[in-house]
Amino acid sequence: MPRTSTRLTFAVLATGAGVFSMLQSLIAPALPTVQHALHTSQSTATWVMTAYLLSASVFTPILGRVGDLVGKKRTLVAVLLTVLAGCLVAALAPDIGVLIVARVVQGVGGALFPLSFGIIRDEFTAAEVSGSISNLSAVIAAGGGVGMVAAGPIVSALDYRWLFWIPVAIVAATVLIAVRYVPESPKRAQGTVSWTGAALLSAWLVALLLPLSQAGQWGWGSAKVLGLFAAAVVLFAVWLTAEARSRSPLIDLRVMRLPAVWTTNAAALLFGAGMYAIWSFLPGFVQTPTAAGYGFGASVTASGLLMLPMLLAMFLSGVLSGRLEPRVGAKALLTTGAALGALACAFLTFWHDEQWQTVVVAGLFGLGIGLAFASMANLIVGSVPPEQTGAATGMNANIRTIGGSIGAALTSVLVTGRLQPSGLPYASGYTHAWALLALLCLAAAGAALLVPARRPGHAPATEVPGVTRAPARVR
């Protein structure tokens, strides 16, 4: 078969990754509707989000590694089919239990991010890689924004089930095109999947993320929360030991210790904390009735439209970063993106009385997200051997998610820790939260400054000191 156009390959990758990113945020504004329609409690309905988060966190690095070993296209198609099945089951779910299971299945799609980055690195020319990764990162970032903006109108005009029927149609078409036109790369890592490493990674991630997402309901001092945190520490230590001793580790710790990788991951953890908390709490802030002394009493649809500047800014800055990276370098873009996030949160801390101020904050933070997403991906891809691309970028996405869970949990403590007699949070809870997020984003900018400088326009690394490059398998 003749070599496929990289434009068509990129379109397939962007569609798959964009749909998964959209599914992350699309259902959040509709949770009250889902709760009412399926006759369940609020605490049970939150598992629609929690199950998706846990599943994506587990499968993203594992399947990224599987793609490195058995073929990225093959794994990509399998993941797309799994997401398709998850969306179909969710659209037809007769009760909340089935919907939660469907969300676990959809979470497998987290692997689309590392697989897509790996395919770009393997199949695109060196001159195309940086710009294509930036553009794909822009689509991924914007996908979350599309979910926030589109959820209200879709639910109002149709039904919450169409939040899944629409992705069914898009993913089905994407699968057909991917099978026919996405090439399979001959570049493979050597070894096998470390199922012990996979099990331990899954265990400590669940033990860490589950209490972070449920502590508001269980109580931060509860035995369940403290016990799971303790288990996460122990399991993490056991996982590190097992991976260090494994002849074929799931995550090569030598790669994770590379200066460009660990500093980028540190920035991802801190920036993810600010980003996901803003996504989670800014819509609630603008929906708060004005009787609370703040907020604008906006509807779900109106609050989504107030986030539209963030969506547009994310996409534009992500695309722009691909043109700037050869000139100024990914390190400068990551630092600038994190600094813009800090500036946005600082602005929101002091000025949040008018809707136009929220619009400005959304736009500023969107610019920061677009720059940071693209530069983080480029820094990781440019610092690891080709056969480690899937595992390394998958772990970076995972670390960003962990940061997001930590940021959302801390923000929830500040916002909901003290309530008015009406049950609404005090304004001070939000202002303290915005100040914390500004500090987290500022710390992310500091971590970005520690990233080793790489000459702008320098080609991605193919050899890494201390890491032996595995030969490609002959097919």
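What you see is a predicted model; the values in this text were computed from it and never measured.

What counts and what doesn't
Residues numbered from 1 in each chain as written. Predicted model: local features only at pLDDT ≥ 70, side-chain atom pairs only at ≥ 80, totals over all residues. Heavy atoms only, no water. Helix = DSSP H or I, 4+ residues; strand = E, 2+ residues; numbered from the N terminus. Rg over C-alpha atoms; globule rule 2.2 N^0.38 Å. Buried < 20%, exposed > 50% of the residue type's maximum accessible area, 1.4 Å probe, protein only. Contact = heavy atoms within 4.5 Å. Areas by Shrake-Rupley, 256 points an atom, 1.4 Å probe, with all protein chains shown as cover. Lys, Arg positive; Asp, Glu negative; His and termini not counted. Charge placed at Lys NZ, Arg CZ, Asp CG, Glu CD. Salt bridge = Lys/Arg side-chain N within 4 Å of Asp/Glu carboxyl O. Phe/Tyr/Trp six-rings, centres within 6.5 Å; stacked < 30°, edge-to-face > 60°. Lys NZ or Arg CZ within 6 Å of the ring centre and 35° of its normal. Core = buried A, V, L, I, M, F, W, Y, C linked by side-chain atoms within 4.5 Å. Axes fitted to C-alpha atoms, helices over the stretch in contact; angles between N-to-C directions. Parallel < 35°, antiparallel > 145°, perpendicular 65-115°, else oblique. Left-handed = near helix turned anticlockwise from the far one by under 90°. Nonpolar A, V, L, I, M, F, W, Y, C, P; charged D, E, K, R; others polar.

J.: Explain the overall build of the protein to me, using residue names and the numbers behind them.
T.: When helices and strands are tallied, the protein shows 19 helices and zero strands. In terms of overall size, the protein behaves like a compact globule, its C-alpha atoms giving a radius of gyration of 21 Å where 475 residues would be expected to give roughly 23 Å. By its C-alpha atoms, the protein is 70 × 50 × 45 Å across when sized along the principal axes. Every one of the 475 residues in the protein was classed for burial, and the buried ones make up 59%. Long-range pairs, those at least 24 residues apart, make up 82% of the contacts in the protein with a sequence separation of at least 6. On the protein, roughly 18,200 Å² of surface is accessible, and the fraction owed to carbon and sulfur atoms is 69%. Separation of charge centres in the protein, based on 27 positive and 14 negative side chains, amounts to 6 Å.

J.: Describe the pattern of salt bridges, listing the residues and the values that go with them.
T.: According to the stated counting rule, one finds three salt bridges in the structure shown. For Asp-68, the salt bridge goes to Lys-72, with nearest N and O atoms at 3.8 Å. Note on accessibility: Asp-68 and Lys-72 belong to one class, buried.

J.: I'd like to hear about the packing of aromatic side chains, residue by residue, with values.
T.: Under the defined criterion, the tally for this structure stands at 15 aromatic pairs. A ring pair is formed by Phe-20 and Tyr-52, whose centres lie 5.3 Å apart and whose planes are at 20°; its orientation type is stacked. With Phe-20 in helix α1 (residues 6–26) and Tyr-52 in helix α4 (residues 47–70), this pair connects stretches of sequence that are 32 residues apart. Considered together, Phe-20 and Tyr-52 belong to a single accessibility category, that of buried residues. Here Phe-271 and Phe-365 contribute two aromatic rings whose centre-to-centre distance is 5.9 Å and whose plane-to-plane angle is 25°, an arrangement assigned as stacked. Remark: Phe-365 occurs in helix α17 (residues 355–381) and Phe-271 occurs in helix α13 (residues 259–287); sequence separation between them is 94 residues. Judged by relative accessible area, Phe-365 falls into the buried class, the value being 0%. An aromatic cluster of at least three residues, connected via ring pairs, comprises Phe-285, Tyr-294, Phe-296, Tyr-430 and Trp-434. The ring of Tyr-426 is capped by Arg-418, whose NZ or CZ atom sits 4.2 Å from the centre of that ring.

J.: So what's going on with the nonpolar core? Residues and values would help.
T.: By size, the foremost hydrophobic cluster in this structure holds 150 residues, and its most contacted members are Leu-99, Phe-271, Ile-278, Met-310, Phe-365, Ile-369 and Trp-434. When residues in this core are grouped by element, the largest group, 14 residues, is from α13. Aside from chain neighbours lying at most four places away, what touches Phe-365 is Phe-271, Gly-274, Met-275, Ile-278, Met-310, Gly-341, Ala-344, Cys-345 and Cys-441.

J.: Got a sec to walk through the packing of helix α10 (residues 195–218) against helix α18 (residues 389–416)? Specific residues and values, please.
T.: It is at 9 Å that the axes of α10 and α18 come closest, and there the two elements cross at 25°. Here α10 is positioned roughly parallel relative to α18, judged by the angle of their axes. Where α10 crosses over α18, the two elements pack in a sense that is left-handed. When α10 is examined against α18, the residues Leu-201, Trp-204, Leu-205, Leu-208, Leu-209 and Leu-212 are found in contact with a partner set consisting of Met-395, Asn-398, Ile-402, Ser-405, Ile-406 and Ala-409. Classifying every residue of the contact of α10 with α18 gives 10 nonpolar, two polar and no charged.

J.: Explain the environment of Ser-375 to me, and be specific about the residues and the numbers.
T.: Among the structural elements, Ser-375 can be located in helix α17. Here the alpha-carbon distance between Ser-375 and Ser-321, two residues 54 residues apart in the chain, equals 7.5 Å. With near-sequence residues (within four places) excluded, Ser-375 lies in contact with Ala-330, Leu-333 and Leu-334.

J.: Give a detailed account of the packing of helix α8 (residues 126–157) against α17, specifying residues and quantitative values.
T.: Look at α8 against α17: their axes get within 8 Å of each other, and the N-to-C directions meet at 135°. The pairing of α8 with α17 is recorded here as oblique in orientation. Like other packed secondary-structure pairs, α8 and α17 cross with a definite hand, here right-handed. Contact with α8, carried on its side by Val-129, Ser-130, Ile-133, Ser-134, Ser-137, Ile-140 and Ala-141, involves Ile-369, Phe-373, Ala-374, Ala-377, Asn-378 and Val-381 of α17 and no other residues of that element.

J.: How would you explain the side chain of Ser-130 if you had to name every residue and give the values?
T.: With respect to the helices, strands and loops of the structure, Ser-130 is situated in helix α8. With sequence-adjacent residues up to four places away left out, Ser-130 is seen in contact with Glu-325 and Asn-378.

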